[in-house]
Amino acid sequence: MAQMTMIQAITDALRTELKNDENVLVFGEDVGQNGGVFRATEGLQAEFGEDRVFDTPLAESGIGGLAIGLSTQGFRPVPEIQFFGFVYEVMDSISGQMARMRYRSGNTMHAPVTIRSPFGGGVHTPEMHADSLEGLMAQQPGLKVVIPSNPYDAKGLLISSIRDNDPVIFLEHMKLYRSFRDEVPEEAYEVELGKAKVAREGNDVTLIAYGAMVQASVKAAEELEKDGVSAEVVDLRTISPLDIDTIVESVKKTGRVVVVQEAQRQAGIASQIVAEIQERAILHLEAPVLRVAAPDTVYAFTQAEEVWLPNHNDIVEKVNDVINF
Amino acid sequence: MKRTTEKIAEQFETFQILDEEGKIVNEEAMPELSDDELKELMTRMVYTRILDQRSIALNRQGRLGFYAPTAGQEASQLGSQYALEQDDFILPGYRDVPQLIWHGLPLYKAFLFSRGHYIGNQMPEGVNALSPQIIIGAQYVQTAGVALGMQKRNKKSVAITYTGDGGTSQGDFYEGMNFAGAFNSPAIFVVQNNQFAISTPVEKQTAADTLAQKAVAAGIEGIQVDGMDVLAVYVATKEARERAVNGEGPTLIEALTYRYGPHTMAGDDPTRYRSEDLDNEWERKDPLVRFRKFLEEKGIWSEDQENEVIEKAKEEIKNAVKEADNTPKQKVTDLIGNMYETLPSHLEEQMEEYKAKESK
Ligand SMILES: Cc1ncc(C[n+]2csc(CCOP(=O)(O)OP(=O)(O)O)c2C)c(N)n1
Ligand SMILES: [Mg+2]
C-alpha cells in the first residue's frame, strides 16, 4: 500500500484502467503533455501514447460529442472538463444526448462515458471555476453522479465509474486534491457506485454529506463529541442514484438529521434527501431535518468565499438546533 | 493540385508595417499619426509592461488574486484599442484588462477584479465594456448582439471583442462571426494568436493554416497581422472600424503574438510545453523594442522619456493598490443584494441571516 493524495489516487485509477482495458481513452484540454492543469493525468501520455491520452481543441461541446461518438465505436471515453463551471458548454451532450443514449435507442446502445471534472470552493479561483453544479446533473435521469471525499474512495469509485456501462459524472473537489493522504492499495479495486458509507459512527444525530463537506462534518462531529453529542456521518459518495437504505438506517438509529451541502440551498441534493427521509422515516424523527448549505447567490467572488462557504461551525449550530428542538 | 485550404491561406499574408528592427517595410500603409500620438502609443505600451511586472510581483506577495500576464501582447492589445472611439464597446477576455484600462476602467478596479471583488466588475459611467469574460468564446456571440443593437440605434460605433487562438475552437466563435456577418453588423473580432492555449499549441486547435481564414466561412473580412507591430495592428483595426461604421460589415483580425509569462499565476509552468528557443525567437520580435527603435530613429523618444513613463506607472500603480486596499471588503450580503432587482422573500431571509453573521 502507498500513501496517496486524492489526485494521485485519481491518476492511479486512470493508469489502472488504461492498462486494464485498451478501449479506455483519456482526453480533454491540456491533459496530454501538460498532464492536466492539476496534473491529474501526469505521465499518462508518456506511458500510454498519444493514441490513448490526447489533447483536444478547446471546446467542451466538442469533447462531449466526441465522447458519445467514440462510444459507438466500442471505446470507453474518460474525458476531462477542465473545470466543472464550464459544464454549461457541454450540457446538451451530457443531458440531451449521452444520458438518453440507452433510453432513446430502446436499450440497444449505451454511452459508457466517465466525465471527470474538478469543482468546489475555497481555492481562490476566478468566476465559473468553483461552483457546485452537481444538482444540475442529479436532476437528469440516465446519469450517475459520483463525488469522492478521500483518496481511497476516489480510486475505487473512479475505477467503478469507468467500468460502468452508463454515463458517470465524476466530480473531484479541488480542495481535497492535495489536502491529505490515505492508504491506497496499488492493485485495482472497485468501490460500488450508489453505495454510501458511514464515515463515523454515532447515536444522537446523523450528518449526511458528500465531497469536501464530509471533512467539515467529521470536524463538526469531533467538536460535538466534546459536548457529549455523538454524531454519525454518512458520506454519500454517489449522489445519484442515492443510497436511501443507508440513509434511512442511520436516521432510524439517531432520529435527528442535518444534511450538509456546499451548493446553494435552492433545489439541491439536500432537499431531495430531506424529502426521501420524511417520506420513509417520519415516525422515527425527533426533530425536523435541517440543512446546511450556501446562500442562494451565484458562487461568491473570491473575496467573500470563506464566509459564503458552509463550514463546521454552521454544522454544529444546526446540530444544536435539532438536538434542542 | 493545391488544396483549397492552402490557396485560401496564401491570401492571408501577414500584414506588417514595422519590421523587428523598427524599419518601415510598408510605407504606403503608414497611418497618419502625429508625433504625439505615436508617443502616446509607446507610453501606453511601456506603462502596460510595467503594470504586468508589478501585477505579477503583487500576485506573488498575495496582494492580487487571479492574474493572466500580458507581456508580449502589448501591441495586439493596445494597438487595437487605440483605433477605437469612446463610444465603441469592448467585450474582453480575462487577459484583456489593459484594453479596459485604456478605455477608462480605473486601475484600482482592475486590481479589485483580480482580487475577486464585485466593484472591479462595475464599469464607470461612459466606459462601454463588459467585465472580462472567463468562459472562452462567450463574448464572441454577445458581440454580435452588441453590434446589432448599435446598428438598430443608428450609432456610428463598433463592438470589438477579443479571444485567443484556443478560443477559435469554440462553437461560439463561429456563431458570433456568422451572426454578425448575416446581419452585416459593425463588429470587430480580434484573435490574439499567442501560439498556445494554456499548454496546447495552435497546430492542435485546427487543420487550418491561419486563423484569419476562418472569416471566409462566415463570409466576412479577415486579416492576419503581425501582432508584435503596434502600427500594423492599429491600421488593421482602424480600417475594420471604418468598414464597420460605413455599413460594410464585420472583420476578423488575427494578431500573431506571444505571451512571455505563464498562462496565469495559478501554477502554470510554460517550460512543460514551450522551448527556450521559441521564447527567444518571439522575444526578438518584441513590440516595445521595435517601436522604441522606430521612435528613436525619428528623434521623438529617449531613455529619459521612457523612464518618466516608468516612474509615473509605478506611482499610479502604488496609489491604485492603496485605493483597492481602502475599498470596503466585499460581503456576502453585497452579493445577495446583487442577485435580483427586487429581493425574493427567501433571499430577504438569508440577507438577515448573513447580516447577523457579518456583524459578529
Ligand atoms: C469554456 C472554457 N473552457 C475552458 C476554460 C479554461 N481555460 C482558460 S484559458 C484557456 C486557454 C485559452 O487559450 P487561448 O484562447 O489561446 O487564450 P490565451 O489564454 O492564450 O490568451 C483554457 C482552456 C475556460 N476558461 N472556459
Ligand atoms: Mg492563446
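Above this text sits the structure in question.
Residues numbered from 1 in each chain as written. Chains lettered and ligands numbered in written order. Predicted model: local features only at pLDDT ≥ 70, side-chain atom pairs only at ≥ 80, totals over all residues. Heavy atoms only, no water.

### Things to note about the site of ligand 1
Put simply, the test is: Residue proximity to a molecule or strand is established when one non-hydrogen atom of the residue lies within 4 Å of it. Residues adjacent in sequence count toward polar contacts only when both atoms are side-chain atoms; beyond that, a polar contact is any pair of N or O atoms within 3.5 Å, and within protein one must be able to donate a hydrogen and the other to accept it. Note on areas: Shrake-Rupley, 1.4 Å probe, and residue coverage restricted to the protein chains presented here.
Of all residues adjacent to ligand 1, which total 21 residues, the nearest are Glu60(A), Tyr94(B), Arg95(B), Asp165(B) and Gly166(B). Flanking ligand 1 are residues from chains A and B. With respect to ligand 1, the backbone of Gly166(B) contributes an N or O atom lying 2.8 Å from an oxygen atom. Between Phe196(B) and ligand 1, the recorded distance is 2.9 Å, taken from a backbone N or O atom to an oxygen atom. For ligand 1, the accessible surface in isolation is 580 Å², of which the surrounding protein chains cover 96%.

### Brief notes about the layout of surface pockets
Using the following cut-off: Think of a 1 Å grid over just the protein atoms. A cavity is a set of points where a 1.4 Å probe fits yet cannot get out, a pocket is an open set with protein on both sides within 12 Å along at least five of seven lines, and lining residues have an atom within 4 Å of a point. Grid points are joined across faces, edges and corners, and a volume is the space filled by probe spheres set on the points. For helices the rule is a DSSP run of H or I covering at least 4 residues; for strands it is a run of E covering at least 2, with both sets numbered from the N terminus onward. Gly counts as polar in this scheme, as do all residues outside two lists: the nonpolar Ala, Val, Leu, Ile, Met, Phe, Trp, Tyr, Cys and Pro, and the charged Asp, Glu, Lys and Arg.
Its volume calculated, the second largest pocket comes out at about 690 Å³. Forming the walls of the second largest pocket are 34 residues, and the residues nearest its centre are Gly135(A), Leu136(A), Gln266(A), Ala267(A) and Gly268(A). Those elements that place two or more of their residues in the lining of the second largest pocket are helix 6 (134-138), strand 12 (238-240), strand 13 (257-264) and helix 10 (269-281) of chain A together with helix 14 (345-358) of chain B. Among the residues forming the lining of the second largest pocket, the class breakdown is 17 nonpolar, 13 polar and four charged.

### Considerations on the nonpolar core
Across soluble globular proteins, nonpolar side chains have a tendency to be buried as a group. Counted only if it meets this: For the purposes of this section, nonpolar cores are sets of buried Ala, Val, Leu, Ile, Met, Phe, Trp, Tyr and Cys residues that join through side-chain atoms within 4.5 Å. Note on classification: 1.4 Å probe, protein chains only; a residue is buried when its accessible area is under 20% of the maximum for its type, exposed when over 50%, partly exposed between these limits. We call two residues in contact whenever any of their non-hydrogen atoms come within 4.5 Å of each other.
Core analysis: the largest hydrophobic core is formed by 152 residues, its most contacted members being Leu236(A), Leu231(B) and Phe291(B). Counting residues per element, this core draws most heavily on helix 9 (residues 230-245) of chain B, at ten residues. Leu231(B) has contacts with Ile17(B), Leu18(B), Met30(B), Pro31(B), Leu33(B), Leu38(B), Leu41(B), Phe291(B) and Phe294(B), leaving out every residue within four places of it along the chain. Ranked by size, the runner-up nonpolar core spans 20 residues in total, among them Val205(A), Ala209(A), Met213(A) and Val214(A).

### Considering the coordination of the magnesium ion (ligand 2)
All names here are of chain B. As a reminder, the rule being used: Keep in mind that water is not among the atoms, so a site may look incomplete; donors are the N, O and S atoms within 2.8 Å of the metal, or 3.2 Å for Na, K and Ca.
At this site the magnesium ion (ligand 2) is bound by Asp165 (OD), Asn194 (OD1) and Phe196 (O), with donor distances of 2.0 to 2.1 Å. Each donor residue of the magnesium ion (ligand 2) lies on the same chain, and together they follow the pattern D-x28-N-x1-F. Placement of the pair is Asp165 in the loop between strand 2 (159-164) and helix 7 (171-182) and Phe196 in strand 4 (residues 196-197), with a sequence separation of 31 residues. Using a relative accessible area of 0% as the deciding quantity, one classes Asp165 as buried. By relative accessible area, Phe196 is classed as buried at 8%.

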